[in-house]
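Inside the fold
So you can see what is in the structure, the chains are spelled out below.
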Amino acid sequence: MDSDTEEKLLAVSLLSAAARHDNVAVKNLLRNTSANVQDAETGYTPLHAAIASCGVDEDGTTALSREAAAEETVKILFDNGAIWNDLDKNDETPGCIAYRLGLKNVYRLVVDAGVRAELLLSKLDGIKALEVEDEEDEDENEEEDEENAVDGTDESGARKRQKLEPEAPAEAAGAEPKVGLANDPVSTEPPEDYIDHWDSNADYLRSSLRYTDTTLLDSSSNAVMMDWETDIMGRHAEGLLPTKGLRAMNIGHGMGIVDTKIQTHSPLEHHIVEAHPAVLAHMKKNGWDKKPGVTIHEGRWQDVLPKLIEQGVVLDAIYYDTFAEDYKDLKYLFEECVIGLLDPSGRFGFYNGLGADRRVCYDVYKDVVEIDLLEAGFQTEWEDLPVPQIEWEGVRRPYWNVDVYRLPLCKFVD
Ligand SMILES: C[S@@+](CC[C@H](N)C(=O)[O-])C[C@H]1O[C@@H](n2cnc3c(N)ncnc32)[C@H](O)[C@@H]1O
């Protein structure tokens, strides 16, 4: 038998043993084949097979005995390097199937494996970034060229608002920023320069934006902000500003929804950090620059906040909700900037759309961010809010696919 045929036979055997929860056979087969083989027809990995085979009984429930057997198989697969979020041909991860079938224990095993994997990846990323910096430093020393210093935050890569999974690379956006007319009709055809994923925050900040009555759209009609989030913004503001007369900061003005909510709590100081020229123009048109107590800081928060820390600014509440940034940016914010600006009894909150296009990713990232926050010295309280039925009309692509919004409220650990 040639090696190709042998590999295929092993893969088929492993998928079948995983589906039968035959753990002795699974362990034996894993000595000679990867835990991440995929069925050519269904795209199932052994994890998918082990979980999907639990099935659902006629009364809509899954036999507990089958779930218990699957748990053991799933543990063995994870111990042998199974990847938690491979997709099958139905665009489902193993966790999606476990959630759909109501397999709570198996689902938890997948979420825990996802958290471990993401934390490890982020540590490895950090080490890689440090190595890159070291190499650059050496080069710099050799060349004595100070101007080539690496700005780690520019390396963050492209994510739409709080998106986790990488998408197709973006093309360069060259258009000048402009504010479109309210209620411009939205074309259903992708424009020639269609971008569904900004390659960098800087590219987004150079692009054109358009306000409608209910949304803020980028040049490809992707939603930067939508008004279905109004109640969520209101709840963030309430949690962050429990009394009147506090010193507040919002990072990312967008449609001004959260800033309007913050105003209802009569802050003593209200700092708004915004970097997009079109949003800044919109803010001025709406008189935000004339409101008592409001200070607009024009520029990227990455540039603005270190200066405020140097000036000794102290705040009671900081809220973060930007666009075309990713988890690394949020982590840098709370590790490096919030710590320097927040009063010891202050509160920090952020828009939690991390992984919100897939339930299992949303649950994994809730735990990842909570662990990273704790490591930075913050404890987090979570409040679950229902997500309303969303009208995606006029928006290129939905960015939310979970029925709950998990709202974080962070304070320094006592
Ligand atoms: C999702 S919107 C914020 C929505 C806002 N929470 C509201 O209630 O309307 C994101 C905002 O962050 C701004 N932004 C993106 N990157 C930024 C950066 N690096 N620094 C400051 N603002 C940024 C965008 O221009 C946009 O106005």
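For the structure, check the block above.
Predicted, not measured: the structure shown is a model, and the values here were computed from it.

1. As for the site of the ligand
Neighbouring the ligand are 25 residues; Tyr204, Met255, Val258, Glu274 and Asp321 lie closest to it. At a separation of 3.1 Å, an oxygen atom of the ligand approaches a polar backbone atom of His253. When the ligand sits alone it has 610 Å² of accessible area, and the protein chains cover 100% of it. Structurally, the ligand is housed in the largest cavity. Secondary structure elements with two or more residues in the shell around the ligand: helix H7 (201-206), strand S3 (223-226), helix H9 (257-263) and helix H11 (301-311). Of the residues contributing to the shell around the ligand, the split by class is eleven nonpolar, nine polar and five charged.

2. Observations concerning the sheet that holds strand S2 (residues 215-218)
A sheet is described by the order of its strands in space; here three strands give the open sequence S1-S2-S3, paired in antiparallel fashion. Each of the sheet's edge strands pairs with one partner strand only, and the pair in question is strand S1 (209-211) and S3. Each strand axis lies, on average, 10° off the axis of its neighbour in the sheet, ignoring direction. Bridge analysis of S2 against S3 gives three bridges, and the strand direction is antiparallel. Following the sheet pairing, Leu217 is matched in S3 by Ala223. Sitting on the sheet, helix H10 (residues 277-285) touches S1 and S2, and the angle it makes with S1 is about 30°.

3. Observations regarding the sheet that holds strand S9 (residues 378-386)
The seven strands are arranged S6-S5-S4-S7-S8-S10-S9 in an open sheet whose pairing can be described as mixed. With partners counted over all chains shown, the strands left at the sheet margins are strand S6 (294-298) and S9, one partner each. Ignoring strand direction, the axes of neighbouring strands in this sheet form an average angle of 15°. Relative to strand S10 (residues 404-412), S9 runs antiparallel, the two being bridged by nine bridges. Bridging across to S10, Asp384 finds its partner in Arg406. Where helix H8 (residues 230-240) meets the sheet, it contacts strand S7 (315-320), strand S8 (342-350), S9 and S10, and its direction lies at approximately 20° from that of S10. Sitting on the sheet, H11 is in contact with strand S4 (247-251), strand S5 (269-274), S6 and S7, with an inclination near 160° to S4.

4. Some details on H10
Every buried residue of H10 is accounted for by Ala278, Val279, Leu280, His282 and Met283. In this fold, the buried residues of H10 make contact with S1, S2, S5 and S6. Phi turns positive one or two residues past the end of H10, at Gly287, with a value near 80°.

5. Details of helix H4 (residues 64-79)
Along its 16 residues, H4 runs 23 Å from first to last C-alpha, staying within 8% of the 22 Å computed at 1.5 Å per residue. Among the residues making up H4, those that are buried are Glu67, Ala70, Glu71, Thr73, Val74, Ile76, Leu77 and Phe78. Just beyond H4, the residue with positive phi is Gly81, at close to 90°.

6. A look at the pattern of salt bridges
Pairs may arise between side chains of opposite charge once their charged atoms sit close together. What the rule picks out here adds up to 21 salt bridges. For Arg100, the salt bridge identified is with Glu92, shortest N-O distance 2.8 Å. In this structure Glu92 comes out as buried when scored by relative accessible area, which is 14%. In this structure, Glu238 and Arg235 form a salt bridge, with 2.3 Å as the shortest nitrogen-oxygen distance. With Glu238 and Arg235 both in helix H8, this residue pair falls three residues apart, about one helical turn. You can call Arg235 partly exposed: its relative accessible area is 29%. Because the salt bridges share partners, they merge into one network encompassing Arg108, Asp112, Lys366, Asp367 and Glu370.

7. Quick notes on empty space enclosed by the protein
Taken as a whole and assessed by the stated rule, the structure comprises three cavities of 30 Å³ or more. The volume enclosed by the largest cavity comes to roughly 300 Å³. Around the largest cavity, the lining comprises 30 residues; the ones closest to its centre are Gly252, Glu274, Asp321, Thr322 and Phe323. Going through the elements one at a time, H7, S3, S4, H9, S5 and H11 are the ones with two or more residues in the lining of the largest cavity.

8. Remarks on unusual backbone geometry
Positive phi values are uncommon outside glycine, yet Asp91 reaches one of about 65°. In this structure, Asp91 sits in the loop between H4 and helix H5 (94-101).

9. Looking at the packing of aromatic side chains
Applying the stated rule across the entire model yields 17 aromatic pairs. These aromatic residues form a ring-pair network of at least three members: Trp228, Tyr351, Tyr362, Trp392, Tyr399, Trp400 and Tyr405. Above the face of the Trp288 ring, Lys291 is positioned so that its terminal group lies 4.8 Å from the ring centre.

10. Some words on the environment of Glu274
Looking at the secondary structure, you find Glu274 in strand S5. Exposure remark for Glu274: the relative accessible area of 8% places this residue in the buried category. Separated by 25 residues in sequence, Glu274 and Gly299 have C-alpha atoms that sit 5.8 Å apart. Glu274 has contacts with Gly252, His253, Gly254, Val279, Leu280, Met283, His297, Glu298 and Gly299, leaving out every residue within four places of it along the chain. A polar contact is formed between the side chain of Glu274 and the backbone nitrogen of His276, at a distance of 2.8 Å.

Here is what the cut-offs are and how they apply
Residues numbered from 1 in each chain as written. Predicted model: local features only at pLDDT ≥ 70, side-chain atom pairs only at ≥ 80, totals over all residues. Heavy atoms only, no water. Near = heavy atom within 4 Å. Polar contact = N/O pair within 3.5 Å; in protein donor to acceptor, adjacent residues only side chain to side chain. Areas by Shrake-Rupley, 256 points an atom, 1.4 Å probe, with all protein chains shown as cover. 1 Å grid on protein atoms, 1.4 Å probe; cavity = no way out; pocket = protein on both sides within 12 Å on 5 of 7 lines; lining within 4 Å. Sits in = over half its atoms within 2 Å of the grid points. Helix = DSSP H or I, 4+ residues; strand = E, 2+ residues; numbered from the N terminus. Nonpolar A, V, L, I, M, F, W, Y, C, P; charged D, E, K, R; others polar. Pairing = 2+ DSSP bridges. Axes fitted to C-alpha atoms, helices over the stretch in contact; angles between N-to-C directions. Contact = heavy atoms within 4.5 Å. Buried < 20%, exposed > 50% of the residue type's maximum accessible area, 1.4 Å probe, protein only. Expected span 1.5 Å × (residues − 1). Salt bridge = Lys/Arg side-chain N within 4 Å of Asp/Glu carboxyl O. Points joined across faces, edges and corners; volume = space filled by probe spheres on them. Phe/Tyr/Trp six-rings, centres within 6.5 Å; stacked < 30°, edge-to-face > 60°. Lys NZ or Arg CZ within 6 Å of the ring centre and 35° of its normal.

These figures capture arrangement, not role.
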